[in-house]
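# An overview of the molecular structure
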Amino acid sequence: MGPILETPRLILRNWRDSDRDLFREINRDPKVMEFFPFRRSAKEADAMMERIRAVIDETGLGLYALELKENAEPIGFCGLARAGISPVLPEETVEIGWRLATRFWGNGYVTEAARALIDFGFATKGLSEIVSFAVEANTRSIAVMQRLGMRHDADGDFDHPRVPDTHPHLKRHVLYRIGRP
């Protein structure tokens with residue numbers, strides 16, 4: 001399978017076996033995973049990467065690998081996927097999400113990829129709305145949502161059902177939305 005999308009600096013594509021080290025790095029990095037209640041072992045990261053790869057193959061949606069055009073280096077992921085947190089959000093809700101290895105932070109890669117994905121979601125996939133959500137203290141991700149033109153839906157803020165009670169500071173999530181233009 002070829003690229004799903006290209007931007008001026010990035011290729012968005014499905015995962016390859018050669019991406020495994022980068023995927024493991026992201027899932028164990030305490031800075032990247034600051035707002036998640038767990039870090040993944042190499043075995044857990046490998047299993048997650050396989051699930052994501054299969055979903056992309058099956059549905060065309062998923063957390064796509066981000067690759068730099070200049071040197072074909074994988075740097076993280078950005079994608080459109082079913083939110084999967086019913087009953088908080090309806091089953092058909094599609095979210096946009098991202099994670100980058102820390103050495104690539106601050107270059108605008110996520111914003112560039114996410115803008116292209118929002119256009120792709122509306123124009124190609126026929127979505128009427130895309131959401132994103134994050135722990136309310138995650139100011140970096142919230143800033144990306146705002147740069148993308150997403151609007152905070154304060155009435156939709158929620159306690160994430162998959163965050164254990166042992167991590168109360170990570171339960172509350174803010175919800176952002178953008179509708180098809």
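Placed above this text is the structure.
Right, let's walk through the structure included here. Quick caveat, the model's predicted, so the values are computed rather than measured.

Moving on, we get to the packing of aromatic side chains. Under the criterion given, the structure shown has 5 aromatic pairs. Ring plane angle 75° and centroid distance 6.3 Å describe the contact between Trp 15 and Phe 77, whose orientation is recorded as edge-to-face. Of this pair, Trp 15 sits in the loop between strand E2 (10-13) and helix H1 (20-28) while Phe 77 sits in strand E4 (residues 74-82), and the two are 62 residues apart along the sequence. Here the two residues Trp 15 and Phe 77 agree in accessibility, since each one is buried. Ring plane angle 75° and centroid distance 5.4 Å describe the contact between Phe 133 and Phe 158, whose orientation is recorded as edge-to-face. Placement of Phe 133 in strand E6 (residues 129-135) and of Phe 158 in strand E8 (residues 158-159) is noted, with a sequence separation of 25 residues between them. Residue classification places Phe 158 among the buried positions, given a relative accessible area of 6%. Aromatic rings pair up to connect Trp 15, Phe 23 and Phe 77 into one cluster. Above the face of the Phe 36 ring, Arg 99 is positioned so that its terminal group lies 4.3 Å from the ring centre.

Another aspect to go through is unusual backbone geometry. Along the chain, Ser 86 connects to Pro 87 via a cis peptide bond; the corresponding omega equals 10°. Position of Pro 87 relative to the elements: it lies in the loop between E4 and strand E5 (94-100). With phi around 60°, Ala 72 is a residue other than glycine that occupies positive phi space. Among the secondary structure elements, Ala 72 is positioned in the loop between strand E3 (62-68) and E4.

Most of E4 is tucked away: 8 of the 9 residues are buried. Looking at chain direction, E3 and E4 are connected through 6 bridges and run antiparallel. From the neighbouring strand, Ala 65 faces E4, where its bridge partner is Phe 77. Remark: 5 residues form the turn of the hairpin made by E3 and E4, two consecutive strands paired antiparallel; Ala 72 in that turn has positive phi of roughly 60°.

The subject of this paragraph is helix H2 (residues 42-59). The terminal C-alpha atoms of H2, which comprises 18 residues, lie 26 Å apart, in line with the 26 Å expected from a rise of 1.5 Å per residue. Taken residue by residue, H2 has Ala 45, Asp 46, Met 48, Met 49, Ile 52, Arg 53 and Ile 56 as its buried positions. All buried residues of H2 fall inside an arc of 165° around its axis, so they share one side. Exposed residues on H2 whose side chains face more than 90 degrees from its buried face are Lys 43, Arg 51 and Glu 58.

Applying the stated criterion to the full structure yields 19 salt bridges. Ionic pairing is found between Arg 20 and Glu 50, a salt bridge with its closest N-O pair at 2.8 Å. With Arg 20 in helix H1 and Glu 50 in helix H2, the pair connects residues that are 30 residues apart, well separated along the chain. A relative accessible area of 17% means that Arg 20 is categorised as buried. A residue is classified by how much of its surface remains accessible, and Glu 50, at 33% relative accessible area, is partly exposed. Connected through shared salt-bridge partners, Asp 17, Arg 20, Asp 21, Arg 24, Asp 46, Glu 50 and Arg 53 make up one network.

The subject of this paragraph is the packing of H1 against H2. Contact geometry for H1 and H2: axes closest at 9 Å, N-to-C directions at 115°. Of the possible angle classes, the one that applies to H1 and H2 is roughly perpendicular. Of the two possible hands of crossing, H1 and H2 adopt the one that is right-handed. Mapping the contact onto sequence places Arg 20, Phe 23, Arg 24 and Asn 27 in H1 and Ala 42, Ala 45, Asp 46, Met 48, Met 49, Glu 50, Ile 52 and Arg 53 in H2. Here the contact of H1 with H2 is composed, by residue class, of 6 nonpolar, 1 polar and 5 charged.

About the criteria used
Residues numbered from 1 in each chain as written. Predicted model: local features only at pLDDT ≥ 70, side-chain atom pairs only at ≥ 80, totals over all residues. Heavy atoms only, no water. Phe/Tyr/Trp six-rings, centres within 6.5 Å; stacked < 30°, edge-to-face > 60°. Helix = DSSP H or I, 4+ residues; strand = E, 2+ residues; numbered from the N terminus. Buried < 20%, exposed > 50% of the residue type's maximum accessible area, 1.4 Å probe, protein only. Lys NZ or Arg CZ within 6 Å of the ring centre and 35° of its normal. Pairing = 2+ DSSP bridges. Expected span 1.5 Å × (residues − 1). Arc of directions from axis to C-beta. Salt bridge = Lys/Arg side-chain N within 4 Å of Asp/Glu carboxyl O. Axes fitted to C-alpha atoms, helices over the stretch in contact; angles between N-to-C directions. Parallel < 35°, antiparallel > 145°, perpendicular 65-115°, else oblique. Left-handed = near helix turned anticlockwise from the far one by under 90°. Contact = heavy atoms within 4.5 Å. Nonpolar A, V, L, I, M, F, W, Y, C, P; charged D, E, K, R; others polar.

This is a description of form; function is not addressed.
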